[in-house]
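What follows is the residue order along each chain.
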Amino acid sequence: MAIEGEESPRKKRAELERRVLERVEHVISSIDDAKHVDQVIIALHSLAVCLFPLNPDSVSGSVDEKYRDELGAVEIPSQDEKAEWWRVFYKGSGFRVFSRVLLYDVASNWLACFPASARKHVYDAFFVDGCATEIVHVVVPCLQPGESGSYGSTAVISNAERLLVICLLDNDLVCQMTREFAGNCHFEDLSHEQVKKAISATSQLITSIPDKARREAPASLTPRLFFKNLTSQLLHGVEEWDLKFVDESDVAYNNHMNGVILFIGEAFARISRRGSTDIMLREMIPKILEQVRSVLSSTSDLASSEIFESRPGFRFWLKIIEAVNDSHSVERIAEELLRQLATQKVNEVEGYWILWMLFSRIYKHPSVRFTFMEKFLLWKVFPTCCLIWIIHFAVLECPPQSASSKSYNARSLSDAVHNLIVAWSRREFVQSSSTEQQIYVTAALGLCLQQMTKEDLDATKDALHLILQGISCRLENPVYLIRKMASSIALVFSKIIDPNNPLYLDDSCQDETIDWDFGLATPREVSATAIVLGEEKTQERESSSNQIAGNEIQKSGEKGVHVSKSRKNKESAFNIIDPDEIIDPAELNNEHTLQEGSDYESDDSETSSASSLQPYDLTDDDADLKRKFTQLVDVVGALRKSDDAEGVEKALDVAEKLIRASPDELKYLAGDLGKALVQVRCFESTVEGEEDSAEERRQKALVGLIATRPLESLESMHKLLYSPNVDTSQRIMILDVMTDAAQELANTRILKSEHRPATLISSSNQPWFTPRNDGPPGAGSWKEISSTETPLNWSYSYERELPSKSSQTRKGKTQRWSLKHPTHDSQLEWSQNSFPQYAAVFMLPAMQGHDQKRHGVDLLGRDFVVLGKLIHTLGVCIKCAAMHPEASVLAAPLLDMLRSREISHHAEAYVRRSVLFTASCILVALHPSFVASAVAEGNIETSEGLDWIHRWALKVAESDTDRDCHTLAVGCLQLHAEMALQASRALESSSSTTAQGITLFPVTSNTTIKIPFLNS
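Just so it is clear, the structure is predicted and the values come from calculations on it, not from any experiment.

## Let's talk about the overall build of the protein chain
Scanning the protein chain from N- to C-terminus turns up 48 helices and five strands. Taken over 1016 residues, the protein chain has a buried fraction of 48%. Total accessible area on the protein chain stands at roughly 51000 Å², and carbon and sulfur atoms take up 50% of it.

## Points about helix 41 (residues 839–847)
With respect to burial, helix 41 is a largely interior element, eight of its nine residues being buried. Inspection of helix 41 places Ala839, Ala840, Val841, Phe842, Met843, Pro845, Ala846 and Met847 among the buried residues, and these make up the whole buried set. Gly849 sits one or two positions beyond helix 41 and adopts a positive phi of about 80°.

## Some words on unusual backbone geometry
At Lys345, a position not held by glycine, the phi torsion is positive, near 55°. If you trace the backbone, Lys345 turns up in the loop between helix 19 (327–341) and helix 20 (348–359). Even without a glycine there, the phi angle at Asp462 is positive, about 55°. Along the chain, the position of Asp462 falls in the loop between helix 27 (454–459) and helix 28 (463–475). Classification of Asp462 as partly exposed rests on a relative accessible area of 43%.

## A look at the state of the cysteines
The full count for this structure, using the stated rule, is zero disulfides. Here Cys385 stays unpaired: no disulfide links it, and the sulfur of Cys386, its closest cysteine neighbor, is 4.1 Å away. A residue is classified by how much of its surface remains accessible, and Cys385, at 29% relative accessible area, is partly exposed. Lacking any disulfide linkage, Cys972 is separated from the closest cysteine sulfur, that of Cys921, by 9.6 Å.

## Considering the packing of aromatic side chains
Per the stated rule, a full pass over the model turns up 31 aromatic pairs. Between Phe372 and Phe393, the aromatic rings sit 5.4 Å apart at their centres with planes inclined by 65°, giving edge-to-face as the arrangement. Pair noted here: Phe372 is in helix 21 (residues 366–379) and Phe393 is in helix 22 (residues 384–396), with a separation of 21 residues, a long-range link. With respect to burial, Phe372 and Phe393 carry one shared label: buried. By way of ring pairs, the aromatic residues Phe308, Phe314, Tyr352, Trp353, Trp356, Phe359, Tyr363, Phe372, Phe376, Phe382, Phe393 and Tyr440 are connected into one cluster. Positioned above the aromatic ring of Phe314, the side-chain terminus of Arg311 is 5.2 Å from the ring centre. Here the basic side chain of Arg474 rests over the ring of Trp424, its NZ or CZ set 3.9 Å away from the ring centre.

## Concerning the nonpolar core
Among the nonpolar cores identified, the biggest contains 188 residues, and Phe114, Tyr123, Phe126, Phe127 and Phe359 are the most heavily contacted of them. When residues no more than four places from it in sequence are discounted, the contact partners of Phe127 are Phe95, Leu102, Leu103, Ile135, Val139, Leu163, Cys167 and Leu173. Leu673, Phe842, Val857 and Leu874 belong to the second-largest nonpolar core, a separate cluster that totals 106 residues.

## What about the pattern of salt bridges?
For the coordinates displayed, the defined rule picks out 38 salt bridges. One salt bridge connects Glu335 with Arg332, and the closest N-O pair in it is separated by 3.9 Å. Placement of both Glu335 and Arg332 in helix 19 is noted, with a separation of three residues, approximately one turn of the helix. The class for Glu335 is buried, based on a relative accessible area of 11%. Residue classification places Arg332 among the partly exposed residues on the basis of a relative accessible area of 25%. A cluster of three or more residues bridged by salt bridges with shared partners is formed by Glu331, Arg332, Glu335, Arg339, Lys375 and Lys380.

## Comments concerning the packing of helix 6 (residues 94–109) against helix 10 (residues 153–170)
It is the contact of helix 6 with helix 10, at a shortest axis distance of 9 Å, that shows an interaxial angle of 110°. Judged by the inter-axis angle, helix 6 sits roughly perpendicular to helix 10. Considering how the two elements wind past one another, helix 6 and helix 10 form a crossing that is right-handed. Contact residues: Leu103, Tyr104, Ala107 and Ser108 in helix 6; Ala155, Val156, Asn159 and Leu163 in helix 10. A breakdown of the residues in the contact of helix 6 with helix 10 according to their chemical character gives six nonpolar, two polar and no charged.

## A word on the environment of Glu397
Checked against the element boundaries, Glu397 lands in the loop between helix 22 and helix 23 (400–403). As for Glu397 and Tyr408, which are separated by 11 residues in sequence, their C-alpha atoms are 6.1 Å apart. A distance of 3.4 Å separates a polar atom in the side chain of Glu397 from a polar atom in the side chain of Asn409.

## Topic: the environment of Ile732
Along the polypeptide, Ile732 turns up in helix 40 (residues 728–746). Remark: the alpha-carbon pair of Ile732 and Leu870, spanning 138 residues in sequence, is separated by 8.1 Å.

## Some points on the environment of Val395
Tracing the backbone shows Val395 in helix 22. Along the chain, Val395 and Asn409 lie 14 residues apart, while their C-alpha atoms are 7.2 Å from each other. The contacts of Val395, once residues within four sequence positions are left out, are Met373, Leu377, Ile390, Asn409, Ser412, Leu413 and Ala416.

## As for helix 35 (residues 645–660)
Here helix 35 is 16 residues long and its end C-alpha atoms lie 24 Å apart, about the 22 Å a rise of 1.5 Å per residue gives. Helix geometry: helix 35 is bent most strongly at Val654, by close to 40°. Gly647, Val648, Ala651, Leu652, Ala655, Leu658 and Ile659 are the residues of helix 35 that are buried. Looking one or two places after helix 35, you find Ser662, whose phi comes out positive at around 50°.

Reading the values: the criteria
- Residues numbered from 1 in each chain as written.
- Predicted model: local features only at pLDDT ≥ 70, side-chain atom pairs only at ≥ 80, totals over all residues.
- Heavy atoms only, no water.
- Helix = DSSP H or I, 4+ residues; strand = E, 2+ residues; numbered from the N terminus.
- Buried < 20%, exposed > 50% of the residue type's maximum accessible area, 1.4 Å probe, protein only.
- Areas by Shrake-Rupley, 256 points an atom, 1.4 Å probe, with all protein chains shown as cover.
- Disulfide = S-S within 2.5 Å.
- Phe/Tyr/Trp six-rings, centres within 6.5 Å; stacked < 30°, edge-to-face > 60°.
- Lys NZ or Arg CZ within 6 Å of the ring centre and 35° of its normal.
- Core = buried A, V, L, I, M, F, W, Y, C linked by side-chain atoms within 4.5 Å.
- Contact = heavy atoms within 4.5 Å.
- Salt bridge = Lys/Arg side-chain N within 4 Å of Asp/Glu carboxyl O.
- Axes fitted to C-alpha atoms, helices over the stretch in contact; angles between N-to-C directions.
- Parallel < 35°, antiparallel > 145°, perpendicular 65-115°, else oblique.
- Left-handed = near helix turned anticlockwise from the far one by under 90°.
- Nonpolar A, V, L, I, M, F, W, Y, C, P; charged D, E, K, R; others polar.
- Polar contact = N/O pair within 3.5 Å; in protein donor to acceptor, adjacent residues only side chain to side chain.
- Expected span 1.5 Å × (residues − 1).
- Bend = angle between axes of the 7 residues up to and from the residue.

Nothing here speaks to function; it is geometry throughout.
Laid out in C-alpha cells, this is it:
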C-alpha cells in the first residue's frame, strides 16, 4: 500500500505533464493555422487561463463578436490546479518550447496587430507572471540578431527589449529572482554545484543585457540606469530575507541566504568587470553609511562589531563581498568605494567600520591583504582621508578610538613600515615616480610612523638606516616639495626617538599637525600653451606644487643648494650701535622727528636746543678719513679681502653703479672683477639678517658686468662654471646672472633726444623718411606695422585710417609706406635687441664639456641641478635671439646637446623639464622661413632635430610619470604644430620661386657674429 501511495503522486504528476504538453501543442498548432489575429488571441487565452488568474471579460473586448463564444467555452481549472499547471509548465519543457513561438512567430507576425489589453493579458502575462530565472534564459538571447533566424530580427529584438523593461525593471523581476534563489523552491532537484552553475549563468545573462541592447533600445537599458536599478533590487531582495530571520545560526537562515548571497556576489563581480563599479557603489554607499551611523550613534552596551554581526538587516553586508570570488572585482570595488567615500564627508571612525563590514571576513585572504598592504599603500594614490582608513583597517587592525590605547597589531605595523621605507628610501623612486605618488607614499609612511613607539621602531628591520637614507637623498633635491617631504618625515622620526626634542628642518613644519597633502589636495591645472610664451622670469619661486609656469624653472632651495636669486627688498631690523657714541638725553625725544625730516636743521637755527650742541669726538676722524671706493681697482681689491667685512660691504654697495658707468678701465678689469664677485662670501661679510640684501647687490653687479662687457666678463664666467674651486650654489648663481644679462641685452632701451634737425627743403617738422601727414580732414596718425610680404621682417611699413566719404558705409582704405629703417612715432625711445651678436659668446662655451666628468664637477650625475639650470639658461638665450640669424646657427649644436641620451633620458625629472623648456624655446626662436628652407634644401641636421623634438615630446607626454614633464611636453607639441603650420605657409608663399631662393640671410645683411674666446 505504501508503494502504491508513492506511485500515485508520480502518476498524477506525469499525467499533468502530459496534459500541459498536449495543451501547448494544441495552442501552437492553432497559431500556425490562424488566419486572423483574433484566432491567435483565443489560442493564447486558452493556455493563459490555465496558468494565471485571468478574467475572460478583460480579453473579450479585444476580439470580434464571432470569436467571443470561444472565450467562454474554455474550461478554467481551480486555483490549486492552476498552481500545479504553472509549476509543471515553467519547470518542465513546456515553457521553453512555447516561448520560442511567442518570441519569434507571434512577435514577428501577429503581435503588432494585438490590441493593448490583449497583449497585456494573453501575451505579456507569460513573462511578467512567470518564473523569473526561466524568463531571463529565453528572452535575453533574443537580443542578438543571429538568434532570430529567418524571422524579422527588428521586430523580435524590439519585442525582447520591451519585455525586459517590463519584467526586470517595471515589475522588479530581479527582486523576485532573489526570492527564488533564497527559497530554492525551483532547485530542489539540483545539487549544490548545479545550483551554483545555474546562478552563475543567470547572473551572466542579466549583466550582459546593456551590452546586447541596441542603440535604439529604451534608455532604461543603458548601463547607467540598468545597473542602478539592478543593484537596488538585489540589495532590497537580500535585506528582505535577512530581516525574516532573527537567529543567524538557524539552518533555514543559512540555506536561504546562501543562494541569495551567491547570486548577488556573482552579479556584483560581473557588474564590476563590465566597468560599472561606480554605479553599483552609488546605490550601496548611502544604505551602508546610514546603517553604520545608526550603530555608532546608538547607546547599546554591545560593541559595534557585535551589533553588525547579530542585528537583522545588517548581517548581509558581511557576506556580500565574501561572495565575490573574483579578486580583480574585489580590488575594483574596494578602490572605488574609497574614492566615493572621500566625497561623502565620512569621518575616520565611519570609514573604518564601512571597510570592516565589507572586507573583514576576507581580509586574511592573501590576494585581499596584498591589495590593501601593497597596492593601496604603494601603488595607488588616494586622498589622505582614505589613507587613514586603510592604515587603521589593514595595518593597525583596530578602529581609530582604540589606536591610542596601543591595542593595534604591532607586527603588522612594523611590516608595513618596513615595506614603505624600502620603497621610499630608494633614489630611483624619487627620480621616476610622479609627484602625487611621492606625496602619497610619504604620507603613508608618516602616518604609520606617528602610530609607532620606539620599541616598534627598533623591531622594524633596517628602519633607522633606510629612513636616514631617504631623508638625505631628498634634501639634495632642487624641488622644494621633495625637500619638504624629507623635513616632515624627519620631524615625525625625531619625535619617536626623543619626543622632547623634535627636529625641524623646515619652517613650515613648526605646527603640531603636519599637512600630509603638502598643499596639493586640489591639483592645479596649467595651460600648456603658456609654458614658453609667458613673460620671462627667472626669480626664485619655492611653491609647494613646484609648477613650472611661463618659462620659469624652479631654482634651488636653501637645504643643500644655495638660493641663487632672491627678489626681496627688505629693510634691516638691526642697527649697529657704537659703544663710544656720546648720546645726548635731550636728543632722544627728537629722535623720531629727526628720522622723518628730509633736511637737517641749520646750525644757527633759533629753534635748536642748547643741549643739542655735542662736543667734537676725535675718535670719528678715522671713520671720516676712510676713502670711499671710486675706482674699480679698489673694488676688486676690497672684494678679495674676505677678512675685511666692512670693505666687502662697501664694495658691494658701489660695484653696480661703477660698472654701469662703464669706465675705460672696465674693459681690462672685467674678468678679475667677475671672478671676485663670484667668489666673495656674502654671508661671512654681512650682518646677520642682511645676507639677502648683500646677495642681491652682488648679483645685480654681475648682471651689469656681463651686460656691459659681455666678451671680457663671460670668459671668466665660463671658466668658473666648470672650475673645481666653486661650489654648486656659485655655479647656479653664474647661470642665473647669465640668464638675467641675456634678457637685459635683449631688451636694451635706447633714448633719443626730442630735438630734431631743421629741415633743408620742406618747412614741415616731420622727418623726410616718414609718410607725409597730408590727407583729408579727420585722417588718423601713421602707425608702424610689421610687414608680412617678405619671409623676414627686414623692412617696416606704416598705416593709418582715412575718414569715410559721404557715400561710403565702410572704413576708408589703408595707405602703407615701406621703409628700410624702423622709426616709432614718439621718436623719444625705442628698443633694440642687442643680444644676438653675443649669443654665441653666451652659449657655445657653456655647452662645451657638459658631458665630461672632472674633479669636483659631474653634471650628468651628482650635479644634475647645475645641468638642469645650464639647459634652462641655454633655452633663455636662444629665445632672446629669436627670429635672428644667430638663432638659426646656434639651434643645431643646442639640439645635438639635447638629443644625447644622457640628457634627454636623464633619470631626474628636473633635467627633463629643462630639456622640454629649451626645446620649446628653440621652436619659438626659429624663423618659419628658415625651417621651410631647411626642409626644401634638405638640411638634414635641422630637419632631424625638429623631428626629434616632436617624437620625443610625444613620448614624454604619453609615458613620463612626472606631471610637469607631461604638461611641458604637451605645450612643446602645440608649439611644434604651430611652427610646422607657419613653415608650410612660408613654403606656399615661395612656391613661385625655387627652393634655393628661400634663404635666411639677406644679401644686404652686414650682421657680425662674434665668436667667443676658445683658447682656454
